[in-house]
Amino acid sequence: MKELIQLLSDEQIYRDMAVVLVPLVGALLVYLYYRFREYSEMMVDVVKYGVYCSIHQTINAGDATDYFDSDLYLSEPRNIKAVLRWFKDELHRERRGHGSIDRIAFVEKEDGPVGAITLKDLLSWYTGTPSVVIRPGRKGPALRIKFSHAGLACTKDDQGRSAKGDSLFVRNGHPECIVLVSDVATTGTTILESVDFVERAGGQIKAAFVLYDRQEKIPAEDGSMMSAQERLNRKGIRLVSMVKSDELRQAAVNDSRVRRVAEAKGLQCGAQPVA
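Residues numbered from 1 in each chain as written. Predicted model: local features only at pLDDT ≥ 70, side-chain atom pairs only at ≥ 80, totals over all residues. Heavy atoms only, no water.

A. Inspection of a nonpolar patch on the surface at higher detail. Residues M17, V20, L21 and L24 make up a contiguous nonpolar surface patch of about 370 Å² in total accessible area. For V20, the location among the structural elements is in helix α2 (residues 11–50). (Patch = residues over 30% accessible without salt bridge, like charges linked within 9 Å, V, L, I, M, F, W, Y side chains within 5 Å. Areas by Shrake-Rupley, 256 points an atom, 1.4 Å probe, with all protein chains shown as cover. Salt bridge = Lys/Arg side-chain N within 4 Å of Asp/Glu carboxyl O. Helix = DSSP H or I, 4+ residues; strand = E, 2+ residues; numbered from the N terminus.)

B. Highlighting the pairing of strand β3 (residues 103–107). The buried fraction of β3 is high, at five of five residues. Burial along β3 is two-sided: the face carrying R103, A105 and V107 and the face carrying I104 and F106 are both buried. The pairing of β3 with strand β8 (residues 177–185) spans four bridges and is parallel. When the sheet's bridge partners are listed, I104 is paired in β8 with V179. Where β3 and strand β4 (residues 131–134) come together, four bridges link them in parallel fashion. (Buried < 20%, exposed > 50% of the residue type's maximum accessible area, 1.4 Å probe, protein only. Pairing = 2+ DSSP bridges.)

C. How the structure looks around the packing of aromatic side chains. Counting across every chain of the model gives six aromatic pairs. Between W86 and F87, the ring centres sit 6.3 Å apart and the planes meet at 65 degrees, which makes this aromatic pair edge-to-face. Per residue, the accessibility class of W86 equals that of F87, and both read buried. Summarising the aromatic geometry, the rings of W125 and Y126 are spaced 6.2 Å apart at their centres and angled 40 degrees between planes, so their arrangement reads as tilted. With a relative accessible area of 65%, W125 lands in the exposed category. Residue class for Y126 comes out partly exposed when judged on its relative accessible area of 31%. Among the aromatic residues, those joined into a cluster by ring pairs are F68, Y73 and Y212. Residue placement shows K88 over the ring face of Y126; its charged tip is 4.9 Å from the ring centre. (Phe/Tyr/Trp six-rings, centres within 6.5 Å; stacked < 30°, edge-to-face > 60°. Lys NZ or Arg CZ within 6 Å of the ring centre and 35° of its normal.)

D. Main features of helix α4 (residues 77–98). Between its first and last C-alpha, α4 extends 31 Å over 22 residues, near the 32 Å set by a 1.5 Å rise per residue. Buried within α4 are the following residues: N79, A82, V83, L84, W86, F87, E90, L91 and E94. Positive phi appears at G99, one or two residues downstream of α4, with a value of about 95 degrees. (Expected span 1.5 Å × (residues − 1).)

E. Focus on the environment of E108. Here E108 is to be found in the loop between β3 and α5 (120–127). Considered as a pair, E108 and S194 are 86 residues apart in the sequence and their alpha carbons are 9.2 Å apart.

F. Main features of the nonpolar core. By size, the foremost hydrophobic cluster in this structure holds 39 residues, and its most contacted members are V46, Y73 and F209. Of all the secondary structure elements, the ones that give two or more residues to this core are α2, α4, β3, β8, β9 (204–213), β12 (238–244), α9 (245–254) and α10 (256–264). When neighbours within four sequence positions are excluded, V46 is seen to be in contact with V51, F68, Y73, Y212, V243 and L248. Among the nonpolar cores identified, the runner-up in size contains 23 residues, and F169, A228, I237 and L239 belong to it. (Core = buried A, V, L, I, M, F, W, Y, C linked by side-chain atoms within 4.5 Å. Contact = heavy atoms within 4.5 Å.)

G. Representation of the pairing of β12 within the structure. Burial within β12 is extensive, with six of its seven residues counted as buried. The sheet contact formed by β9 and β12 spans six bridges and is parallel. Note on β12: the bridge partner recorded for A207 is R238.

Structure, rendered in structure tokens:
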């Protein structure tokens, strides 16, 4: 005990510790500052380019007064760069945590190619992952699955089977591991339809990536209100979003730069969601 007291009373130890800790703490603070700055700038761009205030009819959630439009957001080149970086990082995290990913499947909604579809080839090239377009609203197998595959020309049913009975998302007897990609998650209905179709065609969905999660809730079979994330979780699928509506709302409240842009567009920054 005496030796320990003598050791702790030695000022040289604290000087040596300071030499090591001060640069580390300084580097951490600089890192955190730039991470916050980067996050703040992303939120500013989401509001400035992607969110607009109007009455917009959504397919699954009715009228939305504040609506995120990924096509508008992606019209700014630096936002494309931000999406590419986010997507690659999240895909790497998905592979590291849950195994290999064989393909990324881009969901085409009822009103045509939107959002992340405009980045399909770029995201596929940037991550080195083959892609496919899933169009659950179309009729006929060749219209519902769109990608280069030898069996596609001889598909004969809406279950994604070829004339030989092979499933399109099966390779060497094993299901392909697939990540779904869409622009916006509203209630999760379209994503779940795409999940069902991919699974019928032999694939296995590990996660769904979206640029924006509106966090809308709809009644479930048991009477509870469930968001897209909760509905997907019930099927063992992670919903990975670049931005959530409540995150954007909090940023508009806590970050003066985001708040100024939001107020200039007439968006509510209080208790109501921004989008």
